[in-house]
Structures are given as C-alpha cells and as structure tokens.
Amino acid sequence: MASGGAVVVPRMKLGSQGLEVSAQGLGCMGMSAFYGPPKPDADMISLIHQAIQLGITFLDTSDMYGPHTNEILLSKALKDGVRDKVELATKFGISWDGQNREVRGDPEYVRAACEASLKRLQLECIDLYYQHRVDTRVPIEITMGEMKKLVEEGKIKYVGLSEASASTIRRAHAVHPITAVQLEWSLWSRDVEEEIIPTCRELGIGVVAYSPLGRGFLSGGSNMVASLSKDDFRKHHPRFQAENLEHNNNLFNRVNEIAVKKGCTPSQLALAWVHHQGTDACPIPGTTKIENLVQNIGALSVKLTTEEMAELESIADSVRGDRYGSMTSTYLHSDTPPLSAWNA
C-alpha cells in the first residue's frame, strides 16, 4: 500500500498571483462542525502540527465553521512560530448564528467579517480570503471592490471565491485578480468540469477541491454512512439516503476493487484521481485522525494510467443523488445583478 510517511509533499503554485502552497491541503471544518460533535482541541492541534511536519501546510477554515470555533482552534495551533510555516485560507459570506443563515456580500459585512476573522485567528494578515458563497443580491463587483481594499490595506494577501459561476468568476476577476476558486470536485462530483474548470484555467486561477473523498464515502462506502453520529449533517446528504445508497455503494465496491489491484486504499485512489487532473488543482481532504492524514498523503505517490482514469470515471459517472440538498446555494445559482442595478 502507498505509504504516507515516506512521501515528500511537493509544493505548487496556486493560481498565477504568486501564492505557493503544499500540493495537498488540510480541510479543518470537521474538527469543529457539521461532522458530529467537535473534537478535543488538544487532539486537533496535535494533528495540525503533525500535518505541517509532514509537509501539509495549506490549511482551510471558515468563519462559519462552528460558527467561529474552528478559526479559534486554528489560532491556538498556529502559535509559537508555527504561523510562518503555513498558508492559511479562511472564508466569509455566510452569516450564521447556529440557527439562522444568510449569505451576505455587502461591503460593510465583508469588512466586518474580515476584521472579526483576523481577531479570532490572532493574525494581522490572511493568506487567502474566500467569499464562501455568493450573495445574489449584491453585484460581485461591489463585493470584490471591498476585498480589493482589504488587499491594499495588507489585511489579506490573495482573494478567492467558492461555489461561484463562470460569469461571476469572470466579473470578479476583472475587479481584482482571483487566485483560487474552491469548489466540490471529486471522482463523484464532476459537474464543474464543463464550465468552471475551463474558465479558471483560461484566467490563470487555481482550483481548490473540497470534499475530494465524497464527504468520506470514497473511503468507506456505506460502512462510513452507518458509523455517522446522529448530529452529522451527512446523514441528510442525498447520496446517502436509502433510495441512492445501495446503488452508490455498489459503485464504491468497484472503485475499491481497483484500489486493491493497485495496492492502495480507495481514498488514496480517489485523491490520486484529483491530483491527476492537473498541476493547478489542490485537493483539501479533511480528517480528524492522524492515520487518515498519513494515508491521504500517500495518495501523492499513486500513479494512474489514462486507462485507469477512464475506468474510474466510467464507474463514478452513474452516481445517484444530488451533491447537496435543495436549500444549499452552489455555483448553479450564484450569478449577481449587474453593477448598474446597484448604482441605480
């Protein structure tokens, strides 16, 4: 089996604006939110430090993870000389108090959210600052205008978007260069390949793939779903519901058969598939276990042939169920009004 411990994690240029990151990142959301009860801070800080020692330096969080508690966790982990070893990404745009949720991109909110994240993170500057979801009420030029000011003031270095449409990406990039677009991209979530990925490549924008393991399903199939705690939001995931689960587990079993033949795990195979998409793509698998962290790093040593890529894709193309429930905003409905409407 591919081993994580012996793998040297390469560096990569993310986008064309100068940001350099580890070729695989670490999604930190599940440490604090959504995937069951929050994990003990001490354990998660130890995991983050272990990741950095192994070469995973690109850390991903958001102000809405918790809300707020994941950023506070990161602030604790990045003390005592650790900060300079990492590239830290966080996000704004989803105002959430644990019950009420609103997407906001107005300038006042952009600034207030950035100031609040800097305070929680105990930082003077954020490396990569994403708009987490696009506010369809506010022209993207207005939101980007405020983010551009934050760059000029030295509060953020690079600007990103998450779950944005191709037209939104183009309009935003015209105001200030976008370094990275974060989107769900995995063997089982490939809808972004039609328009979003080509747009990013045309404009020199890096791609950050979240949920590259299908929210854990590509690691353990239905056994993973059966082990979820009662307050894990994945229990409501359309692909994990009874009408879809048996079919999707059959697909997982076929992926697993290929992994066994290659001498790797199914999660390593799924991550390797993302890595093989190009040098501009950086997956950010999340985990709360050091053994999974090491295993994920091992994916960097898994090499896939063109035939193996095609075989994997032919299996996964028949996945059943939407990637989100009907109430969640994605790039499919992230276009904003024209700038003229704001000034009218």
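Reading the values: the criteria
Counting starts from 1 at the beginning of each chain's written sequence and moves along it residue by residue. Local features in a predicted model are, by the rule used here, given only for residues with pLDDT of at least 70; side-chain atom pairs are given and counted only at 80 or more, and totals for whole chains, interfaces and linings are based on all residues. The basis for every side-chain value is the complete set of heavy atoms in the structure, and neither hydrogens nor water enter the calculation. Strands here are runs of E lasting at least two residues and helices are runs of H or I lasting at least four, both read from the DSSP assignment and numbered beginning at the N terminus. Radius of gyration means the value over C-alpha atoms here, while the globule rule gives 2.2 Å times the residue count to the 0.38 power. Classification of residues uses two cut-offs on accessible area relative to the type maximum, computed with a 1.4 Å probe and protein chains only: under 20% is buried, over 50% is exposed, and between them is partly exposed. Computed by Shrake-Rupley with a 1.4 Å probe, the accessible areas treat only the displayed protein chains as cover when residues are assessed. For the purpose of charge, His is not counted, nor are the chain termini; Lys and Arg are scored as positive and Asp and Glu as negative. To locate a charge, take atom NZ for lysine, CZ for arginine, CG for aspartate or CD for glutamate. Polar contact is defined as a pair of N or O atoms within 3.5 Å, subject to the rule that within protein one atom must be able to donate a hydrogen and the other to accept it, and that residues adjacent in sequence are counted only when both atoms are side-chain atoms. In what follows, a disulfide is any cysteine sulfur pair within 2.5 Å. By the convention used here, strands pair only if DSSP detects at least 2 bridges between them. To define axes, lines are fitted to C-alpha atoms, for helices over the stretch in contact only, and angles between the resulting N-to-C directions are given on a 0 to 180 degree scale. The arc in question is the one spanned by the directions pointing from the helix axis to the C-beta atoms. In this analysis, two residues are considered to be in contact whenever any of their non-hydrogen atoms come within 4.5 Å of each other.

Observations regarding the overall build of the protein
- The secondary structure content of the protein amounts to 13 helices and twelve strands.
- Its C-alpha atoms give the protein a radius of gyration of 19 Å, within 12% of the compact-globule value 20 Å for 344 residues.
- If one aligns the C-alpha atoms of the protein with their principal axes, the spans along those axes are about 60 × 45 × 40 Å.
- Considering the protein as a whole, with its 344 residues, one finds that 58% of them fall into the buried category.
- Looking at the protein as shown, the accessible area adds up to about 14,300 Å², and 50% of this sits on carbon and sulfur atoms.
- Taking the 35 positively charged and 42 negatively charged side chains of the protein as two groups, their mean positions are separated by 3 Å.

What to know about the environment of Ser 267
- Among the secondary structure elements, Ser 267 is positioned in helix 10 (residues 266–275).
- We classify Ser 267 as buried; its relative accessible area is 2%.
- C-alpha separation for the pair Ser 267 and Met 12, spaced 255 residues apart in sequence, amounts to 22 Å.
- Here the side chain of Ser 267 touches Thr 265 through a polar contact of 3.1 Å, side chain to side chain.

Comments concerning the state of the cysteines
- Throughout the structure, instances matching the rule amount to zero disulfides.
- As a non-bridged cysteine, Cys 125 has Cys 114 as the owner of its nearest cysteine sulfur, 8.5 Å distant.
- Cysteine Cys 282 remains unbridged, with the sulfur of Cys 28 as its closest cysteine sulfur at 13 Å.

Describing the sheet that holds strand 10 (residues 180–184)
- Read across the sheet, eight strands follow the order 3-4-5-8-9-10-11-12 without closing on themselves; strand pairing throughout is parallel. The sheet is open, and its two borders are formed by strand 3 (25–27) and strand 12 (281–283), each paired with just one other strand. When strand polarity is set aside, the average angle formed by the axes of neighbouring strands in this sheet is 25°.
- Where strand 11 (residues 206–210) lies against strand 12, three bridges are found, and the strand directions are parallel.

Considering helix 12 (residues 306–316)
- Along helix 12, the residues that are buried comprise Glu 308, Met 309, Leu 312, Glu 313, Ile 315 and Ala 316. All buried residues of helix 12 lie within an arc of 160° about the axis, which places them on one face of the element. In this structure, helix 12 carries Thr 306 and Glu 307 as exposed residues pointing more than 90 degrees from its buried face.
- Residues of helix 12 that are buried sit in contact with helix 9 (242–262) and helix 10.

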